[in-house]
Amino acid sequence: MKILLVGSGGREHALALGLRADKSCTELHAAPGNPGIASLATLHPVAITDNNAILKLAQQLAVDLVVVGPEVPLVNGVSDALRDAGFAVFGPSKAAAQLEGSKDFAKKVMRDAGVPTARSFTCTEQSEIEMALDTFGAPYVVKDDGLAAGKGVVVTNDRQAALDHALACSRVVIEEYLAGPEISLFGISDGRNILPMQPAQDFKRAYDGDEGPNTGGMGAYSPLPWAPDDIVEETYEKVLAPMIAEMAARGTPFVGLLYAGLALTDDGIRVIEFNARFGDPETQVLIPRLITPLATLLYNAATDSLDDAVLHWRDESAVTVVLAAQGYPESPKTGAAISSIPAIDKSQVFHAGTSDSSGALLSTGGRVLTVTGTGADLTEARDRAYRAISQIELEGSFYRSDIALNASVAEKGN
Ligand code: AMP
Ligand code: GLY
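Every value quoted in this text rests on a predicted model; they were computed, and no experiment measured them. (Residues numbered from 1 in each chain as written. Chains lettered and ligands numbered in written order. Predicted model: local features only at pLDDT ≥ 70, side-chain atom pairs only at ≥ 80, totals over all residues. Heavy atoms only, no water.)

(A) Focus on the pattern of salt bridges. Across all of its chains, the model carries 26 salt bridges by this definition. Its salt-bridge partner being Lys 103, residue Glu 273 comes within 4.0 Å of it at the nearest N-O pair. Placement of the pair is Glu 273 in strand E17 (residues 268–275) and Lys 103 in helix H6 (residues 103–113), with a sequence separation of 170 residues. Taken individually, Glu 273 and Lys 103 each receive the classification buried, so the pair is uniform in this respect. One salt-bridge network, in which partners are shared between bridges, spans Lys 103, Asp 202, Lys 204 and Glu 273. (Salt bridge = Lys/Arg side-chain N within 4 Å of Asp/Glu carboxyl O. Helix = DSSP H or I, 4+ residues; strand = E, 2+ residues; numbered from the N terminus. Buried < 20%, exposed > 50% of the residue type's maximum accessible area, 1.4 Å probe, protein only.)

Structure (structure tokens):
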């Protein structure tokens, strides 16, 4: 099977590793990929925003499957363009990707599907905004309705800051604050069936102790030893299966990866958000743990054939830590040289924002590398991830030192 993978981040590097490990993948191509992916796939310099160029490339290569990593091409309808031309695509249509592209749409589908989520109002006028803020009170949760690359959500006790953010967006969803630990739980769907993956936890704030600005994610781990035993089953029954049934009933089946961001509140699980693609950096801990051959799995999802599929997982823990550029997330410094990458047993360095077009390996983005360690438990996995990341030099860069720390301490105490 020939596969085209769209994207260039750490998530795509992890997917490339998973796809390549499946014997049924005979050729892997990436558009545009990155220097890390280059050791696993043939790279093609195509912009992820250019649907026509991606379609042309798929046609030239005569691939059997296209796997779309990031949300932007999905929301732009690249899956529709490819499917119309006869390709098997892992990634939802433009209509189904609205679960990520519009918070208001996601709320409507959740309401119709009976999926538990925060109560909310969608507002455009200042009077509606103020009424919604005062209905729920502090902490205020204000979400830009559209895609905002992780910058659309403000959670604050400051009513004026909440109002300012709301007025800066053309349409906002204002919702009640959900208290409780957050987890990410993904499902792989063929439009009718959905296979829940193992849960992961992501660290969204830039600095240790959950301080600092929100980011795309500074690290992640899986499994979650502290989570309820039935979390996967419960999320399947209350969230993933009803969403897939509702999307199919609307005539816009969701084929691809449905990302449920959940809060585990005292009143039970609640959906914080949906994404229409694999999470980054959660994928960098899930793929190393997944035994089920990835290329076959995603092909079966893309061709409505998941009826008999089952996921198998290694009884191992994985921890990933993001190496971020100086100034991330506000104004990341790019173009700095990255030192050689250490080879440490059971660790894997995924490229996220790098380029080697000038000969040397340079940083090109805010999140530069993601370093995953695996081990018998979270402590061992953390040790390997941190041993590897501490040996990488990139001027001004930083990483959180507390990824999976509390969970690993609690696990040892059990
Ligand atoms: P989102 O982009 O929707 O995931 O939101 C970014 C972050 O804002 C989430 O990871 C949460 O930490 C926080 N957040 C979003 N919605 C809520 C909510 N209703 N209650 C509490 N925190 C929230
Ligand atoms: N790690 C959060 C996301 O992928 O949206």
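(B) Summary view of the sheet that holds strand E18 (residues 317–324). Here 5 strands make up an open sheet; going across it, the order is E12-E15-E18-E22-E19 and the pairing antiparallel. Edge positions in the sheet fall to strand E12 (201–202) and strand E19 (347–351), since each of these pairs with one other strand and no more. Relative to strand E22 (residues 367–375), E19 is paired through 5 bridges, and the arrangement is antiparallel. Residue pairing across strands places His 351 opposite Leu 369, the latter belonging to E22. Sitting on the sheet, helix H1 (residues 10–21) is in contact with E19 and E22, with an inclination near 125 degrees to E19. (Pairing = 2+ DSSP bridges. Contact = heavy atoms within 4.5 Å. Axes fitted to C-alpha atoms, helices over the stretch in contact; angles between N-to-C directions.)

(C) Just the side chain of Arg 400, in detail. Locating Arg 400 in the fold gives a position in the loop between helix H12 (378–389) and helix H13 (405–413). In terms of polar contacts, Arg 400 uses its side chain to reach the backbone carbonyl oxygen of Tyr 207, at 3.3 Å. In this structure the side chain of Arg 400 is engaged in a polar contact, spanning 3.1 Å, whose partner is the side chain of Asp 210. Not counting chain neighbours up to four residues away, the residues in contact with Arg 400 comprise Phe 203, Arg 205, Ala 206, Tyr 207, Asp 208, Gly 209, Asp 210, Met 218, Val 321 and Tyr 386. (Polar contact = N/O pair within 3.5 Å; in protein donor to acceptor, adjacent residues only side chain to side chain.)

(D) Spotlight on helix H9 (residues 231–249). Along its 19 residues, H9 runs 26 Å from first to last C-alpha, staying within 8% of the 27 Å computed at 1.5 Å per residue. If you check which residues of H9 are buried, you get Ile 231, Glu 234, Thr 235, Val 239, Leu 240, Pro 242, Met 243, Ile 244, Glu 246 and Met 247. On its buried side, H9 packs onto helix H5 (98–101), H6, strand E10 (182–190), strand E11 (194–196), strand E16 (255–265) and E17. A positive phi of about 85 degrees marks Gly 251, the residue just after H9. (Expected span 1.5 Å × (residues − 1).)

(E) Examining the packing of aromatic side chains more closely. For the structure shown, the criterion picks out 6 aromatic pairs. Ring geometry for Phe 90 against Phe 278: centres 6.1 Å apart, planes inclined by 40 degrees, an arrangement best described as tilted. Residue Phe 90 is located in strand E5 (residues 89–90), and its partner Phe 278 is located in the loop between E17 and helix H10 (283–286); the two are separated by 188 residues in the primary sequence. Grouping residues by exposure puts Phe 90 and Phe 278 together as buried. Their ring planes at 45 degrees and their centres at 6.0 Å tell us that Tyr 386 and Tyr 399 sit as a pair that is tilted. Separated by 13 residues along the polypeptide, Tyr 386 in helix H12 and Tyr 399 in the loop between H12 and H13 bring together distant segments of the chain. Judged by relative accessible area, Tyr 386 falls into the buried class, the value being 14%. Residue Tyr 399 is classed as partly exposed on the basis of its relative accessible area, which comes to 31%. (Phe/Tyr/Trp six-rings, centres within 6.5 Å; stacked < 30°, edge-to-face > 60°.)

(F) Focus on a negative patch on the surface. On the surface, Asp 229, Asp 230, Glu 233 and Glu 237 cluster together into a patch of negative charge. One can find Asp 230 in the loop between strand E15 (219–222) and H9. (Patch = residues over 30% accessible without salt bridge, like charges linked within 9 Å, V, L, I, M, F, W, Y side chains within 5 Å. Areas by Shrake-Rupley, 256 points an atom, 1.4 Å probe, with all protein chains shown as cover. Lys, Arg positive; Asp, Glu negative; His and termini not counted. Charge placed at Lys NZ, Arg CZ, Asp CG, Glu CD.)

(G) Representation of the site of ligand 1 within the structure. In the vicinity of ligand 1 lie 13 residues, with Glu 175, Glu 176, Leu 178, Glu 182 and Glu 273 positioned nearest. Side-chain polar atom of Lys 143 to a nitrogen atom of ligand 1: 3.0 Å apart, as the coordinates give it. In isolation ligand 1 exposes 470 Å². Once the protein is present, 89% of that is buried. Secondary-structure elements contributing two or more residues to the shell around ligand 1 are strand E7 (140–144), strand E8 (153–156) and E17. Classifying every residue of the shell around ligand 1 gives 6 nonpolar, no polar and 7 charged. (Near = heavy atom within 4 Å. Nonpolar A, V, L, I, M, F, W, Y, C, P; charged D, E, K, R; others polar.)

(H) Spatial organisation of unusual backbone geometry. Between Asp 280 and Pro 281 the backbone carries a cis peptide bond, its omega angle lying at 25 degrees. Considering the arrangement of structural elements, one finds Pro 281 in the loop between E17 and H10. A positive phi angle is found at Ala 62, which is not glycine, with a value near 50 degrees. Relative to the elements of secondary structure, Ala 62 occurs in the loop between helix H2 (51–61) and strand E4 (65–68). Notably, Lys 346 is not glycine yet its phi reads approximately 60 degrees, a positive angle. Residue placement: Lys 346 occurs in the loop between E18 and E19.

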